[in-house]
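This is what each chain is made of:
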Amino acid sequence: MPVLLSLTLLVILAGAGAASDLVSRKIPNWLNLLILVVGVILLIVTASWSGVWPHLLHFAIALAASLILFKFGMWGGGDAKFYSALAVWFPLTAAPLLALFVAVSGVAVLLLMAIWSKFKSRPNWSRELPYGAAIASGAIITAVVTAN
């Protein structure tokens with residue numbers, strides 16, 4: 001039951017972030033905070049104390065890496081916070097999978113945006129890439145693949 005509950009909440013919260021990014025190109029801070037808090041609560045309720053640390057370490061490393069991407073203009077601030085908040089849902093051992101699935105999803109989002117731009121004129125769409133959709137998709141895929 002905890003795995004199903006966790007996966008359901010992750011899909012709802014990550015989906016909300018993706019939808020917000022698709023519609024407004026913003027992921028609200030309150031949503032990122034909610035994702036982080038719910039992830040930590042589920043972690044504390046379902047894991048032993050020693051099982052919490054790999055998740056918190058993943059969060060810290062993801063936050064540092066995301067802020068570097070933000071500093072160099074590769075990600076928006078909302079993307080950095082969104083990825084980091086979702087990272088707490090996974091132990092550090094799942095970090096390579098999460099990064100891989102987010103990257104592959106990013107390519108899919110980029111291709112879909114390129115196709116979309118053929119049908120609808122959208123100036124500077126590459127600067128408006130809703131990477132939150134890729135981050136959400138990657139997190140959901142990672143959760144499904146790593147579910148026990």
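Definitions and cut-offs
Numbering of residues starts from 1 in every chain and runs along the sequence as written. Only residues with pLDDT of at least 70 get local features here, since the model is predicted, and only at 80 or more are side-chain atom pairs given and counted; chain-wide, interface and lining totals rely on the full set of residues. Calculated side-chain values reflect all of the structure's heavy atoms, with hydrogen atoms and water omitted. In this text, helices come from DSSP runs of H or I with a minimum length of four residues, and strands from runs of E with a minimum of two, each type numbered from the N-terminal end. Every helix has an expected span of 1.5 Å times one less than the residues it contains. Accessible area is worked out with a 1.4 Å probe on protein chains only. A residue is then buried under 20% of its type maximum, exposed over 50%, and partly exposed in between. This arc corresponds to the set of directions leading from the helix axis out to the C-beta atoms. The contact definition used throughout considers only heavy atoms, calling two residues in contact when any of these lie within 4.5 Å.

Things to note about the environment of Ala94
Then, in step 1: Summarising the element assignment, Ala94 is placed in the loop between helix H4 (77-87) and helix H5 (95-119).
Then, in step 2: Ala94 sits 38 residues away from Gly132 along the chain, and the two C-alpha atoms are 19 Å apart.

Some points on helix H2 (residues 29-46)
Then, in step 1: With 18 residues, H2 should reach 26 Å at 1.5 Å per residue; the first-to-last C-alpha distance of 26 Å fits that figure.
Then, in step 2: Listing the buried residues of H2 in full gives Leu31, Asn32, Ile35, Val38, Gly39, Leu42 and Leu43. Burial along H2 is one-sided: seen end-on, the buried residues are contained in an arc of 135°. Within H2, the exposed residues directed more than 90 degrees away from the buried face are Trp30, Leu33, Ile44 and Val45.
Then, in step 3: Buried positions along H2 lie against helix H1 (2-24), helix H3 (49-71) and H4.

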